[in-house]
Each structure stands twice: as structure tokens, then as C-alpha cells.
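Single-letter residue listing:
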Amino acid sequence: MRGFPALIGRSIFRSSSHDLRSTHPTAAVAAAPPLLRRIGSRRALIIQTLSGPVRIERLSDSDSGIIELKLDRPEAKNAIGKEMLRGLQNAIETIGNDSSANVVVVSSSVPKVFCAGADLKERKLMSASEVQQFVNSLRSTFSSLEALSVPTVAVIEGAALGGGLEMALSCDLRVCGEESTFSLPETGLAIIPGAGGTQRLPRIVGRSAAKELIFTGRRISGKEAVSMGLVNYCVPAGEAHHKALQIARDINQKGPLAIRMAKQAINKGLEVDMPSALDAEEECYDQLLETQDRLEGLAAFAEKRKPSYLGK
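Residues numbered from 1 in each chain as written. Predicted model: local features only at pLDDT ≥ 70, side-chain atom pairs only at ≥ 80, totals over all residues. Heavy atoms only, no water.

Colleague: So, a nonpolar patch on the surface: which residues are in play, and what are the values?
Modeller: A surface patch of nonpolar side chains, about 270 Å² in accessible area, is lined by L120, L189 and I191. Residue placement: I191 occurs in the loop between β11 (181-183) and α5 (197-205). Take I191: its relative accessible area is 40%, and that puts it in the partly exposed class. (Patch = residues over 30% accessible without salt bridge, like charges linked within 9 Å, V, L, I, M, F, W, Y side chains within 5 Å. Areas by Shrake-Rupley, 256 points an atom, 1.4 Å probe, with all protein chains shown as cover. Salt bridge = Lys/Arg side-chain N within 4 Å of Asp/Glu carboxyl O. Helix = DSSP H or I, 4+ residues; strand = E, 2+ residues; numbered from the N terminus. Buried < 20%, exposed > 50% of the residue type's maximum accessible area, 1.4 Å probe, protein only.)

As C-alpha cells, this is what we get:
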């Protein structure tokens, strides 16, 4: 399978755990074997593929096709420095090269924080040209996350600030806990959101609301975020991951090629005029006409059974 290393070791059974470590795809495979844990009301095999401040956990069994991308830099509240940026780039590339991926859940392993934004302690030591290069790389990385062909769901519990919010904005869907907080505080540091925030936020919440949040740097709560459309769901604190997995499972049951084409049609269509958008929709629809999955969907409907999609 492209993008993932060969796995070594036997499966073991273990109760729920969110601190699962793994190895970089170009490094030697870790001695730790895959883990089977309970997720919601199910148990799913976790295949570990990346380690460091960014981890990938690939679910299997009934949840095969769901990939979790986890931020894990607790000592800095997941602040994005050079190492975490490299981890994000590697993780996104790995997921993009995995043809079996159907949906990605982006979350944090650190309690009460999604991502505190840029690592300002590290940035203070950079020259102006180094800062420019870093921010350009971060912008490009978030654009790569946004451009993944499969849906992405951000899980926010706690703070999503600056670059952390910009990362969440790069995802297709967002789910937060009630105690979450959101802010783009860059103007208070005499800069602007430079990793896509000035462009993605107004496209999601509207021009006027985005300007107010960026001009003032004001923090908003999870409830306010859902009221303005910044997030899709705001659930009781601690339940955002469970809700995101429910959404991921719903997506994972649909025709994977159809989901990819739906995302492509929506994204392309929003950037052009309506006639061009309808042309993009037609092009995406036509790519599905000769697929095995389309015929399977019709057969399953006629036979009143659950379809078994192969992504072909």
C-alpha cells in the first residue's frame, strides 16, 4: 500500500489509549505493534505510521479508510515550530499517497488545546527572511491539507489560536467542544494571519465577521463559533472527537470515489462563475459513470442491502 511502511509485529489487545506512537515512513519500523482500542462503541485496529510531534493512526476493521492525524507537542501546547511543520508536511504527503484513505480526522493529543499557533519563542530567533520562508512554507502546507482529495474533519477541544485556527480552517469540516476558544491574534503582534487566515475565514463566516475577528483579534467561544458558521458542530466539552468519528464513519460508508468527486466539484465550483461551476460538476459526475461502485450502489438499492464499495 503506497505511503505506508511495512508493518512488523503482532497485534495485541488493549483498552482505550490516545498516546500511540509510531515511526516516520522513511525510518525503521518501531518495535511497538499495532494496537486494538475501543473508539466510541467499536473496537478498531490502530496501525501506527508516523512519530514525533505529528502522528498518524490508521484505523482498520469496520473503520478501515479513516485516518487520524494527531498533533502531539504537549510541552509547547502544539505550537508550530520547524519540527512540527516538517511533521505536518510528512503526514499530509503520506495521507495523500494512500489510495485507501477515505476521510481524515485532525485532532490533538494534548488536553485542552488544539494548537496554540506559531512557536513565537522559536520565531524570535529567526531573521526576517527566515520568518518569511517559514510562513510561506506553513501557508503551502495548509494549502496541501486543504487540497487532499478526501474529506478532512478538525476536532477542536480547547484553544485554536493563530496558525492553529488557520490549520482548522484548512479542513473541510470542524467540530468543537463547548469550552473551545478561537482567535486570530496576529494584528496584536503587528502582523496579519499569514497562513491562509485572511482568505479562508471570510469564505467560511463572511467578509464582515472575518474582518471584525481579524481586526480585533477577539477570542470567541465554541458556541459563538457555531452560531457564525465557523464550526459545523459544538458539542459538550470532551465529546468533539466522538462526534467527529461519527461524521467520519458516515462519510466512510459512502462511495469513496463519489466523495472525492463531490469535494472536487464543490471546491472548483466555488472559485468560478456558475456556468463554469456547472461544467466542473458535469466533469466530476462523468468520471463516476463507468465505475464499479456506481453499479454496486444501484444493485444494493434494488436488493435492499448495504452496498459494498471498493473505490473502483
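Colleague: Could you give an account of helix α10 (residues 274-286), with specific residues and numbers?
Modeller: Between its first and last C-alpha atoms α10 spans 18 Å; for 13 residues at 1.5 Å apiece the expected length is 18 Å, and the two agree. For α10, every residue scored as buried is listed here: A277, A280 and C284. Within α10, the buried residues cover an arc of 55 degrees as seen down the axis, which keeps them to one side. The exposed set on the far side of α10, more than 90 degrees from its buried face, consists of P275 and Y285. Structurally, α10 contributes buried residues whose contacts are with α9 (256-269). (Expected span 1.5 Å × (residues − 1). Arc of directions from axis to C-beta. Contact = heavy atoms within 4.5 Å.)

Colleague: Just give me the short version of the packing of helix α1 (residues 82-96) against helix α3 (residues 128-146), but keep the residues and values in it.
Modeller: Taken N-terminus to C-terminus, the directions of α1 and α3 make an angle of 30 degrees; their axes are 10 Å apart at the nearest point. Judged on the interaxial angle alone, α3 and α1 are roughly parallel. The hand of the α1/α3 crossing is left-handed. Contact residues: α1 offers K82, L85, L88, Q89 and I92, while α3 offers F134, S137, L138, T141, F142, S144 and L145. Split by residue class, the contact of α1 with α3 holds seven nonpolar, four polar and one charged. (Axes fitted to C-alpha atoms, helices over the stretch in contact; angles between N-to-C directions. Parallel < 35°, antiparallel > 145°, perpendicular 65-115°, else oblique. Left-handed = near helix turned anticlockwise from the far one by under 90°. Nonpolar A, V, L, I, M, F, W, Y, C, P; charged D, E, K, R; others polar.)

Colleague: If you had to explain α3 to someone new, which residues and values would you point to?
Modeller: Counted at 1.5 Å a residue, the expected span for α3 with its 19 residues is 27 Å, and the 27 Å between its end C-alpha atoms agrees. Taken as a whole, α3 has its buried residues at F134, V135, L138, T141, F142 and L145. Buried positions in α3, seen along its axis, are confined to an arc of 120 degrees and lie on one side of it. What points out from α3, more than 90 degrees from its buried face, is the exposed set A128, Q132 and Q133.

Colleague: Could you give an account of the pattern of salt bridges, with specific residues and numbers?
Modeller: In the structure shown here, the tally under the stated rule is 14 salt bridges. Here R200 and E146 are joined by a salt bridge, their closest N and O atoms 2.9 Å apart. On the criterion of sequence distance, the pair formed by R200 in helix α5 and E146 in helix α3 is long-range, its members being 54 residues apart. Among the ionic pairs, E224 bridges to R218, the shortest N-O distance being 3.0 Å.

Colleague: Run through the packing of aromatic side chains, naming residues and quoting values.
Modeller: Under the definition given, this model contains zero aromatic pairs. The ring of Y233 carries the charged tip of K243 above its face, separated from the ring centre by 4.3 Å. (Phe/Tyr/Trp six-rings, centres within 6.5 Å; stacked < 30°, edge-to-face > 60°. Lys NZ or Arg CZ within 6 Å of the ring centre and 35° of its normal.)

Colleague: A description of the pairing of strand β8 (residues 152-156) should follow, citing residues and the corresponding values.
Modeller: Among the five residues in β8, five count as buried, and that is most of the element. A two-sided burial pattern is seen for β8, the buried positions comprising T152, A154 and I156 on one face and V153 and V155 on the other. Both strand β6 (residues 103-108) and β8 contribute to a ladder of three bridges, which runs parallel. Looking at the pairing, V104 lines up with T152 of β8. Looking at chain direction, β8 and strand β10 (residues 173-177) are connected through four bridges and run parallel. Following the sheet pairing, I156 is matched in β10 by C176. (Pairing = 2+ DSSP bridges.)

These results come straight from atomic positions and should not be treated as a statement about function.
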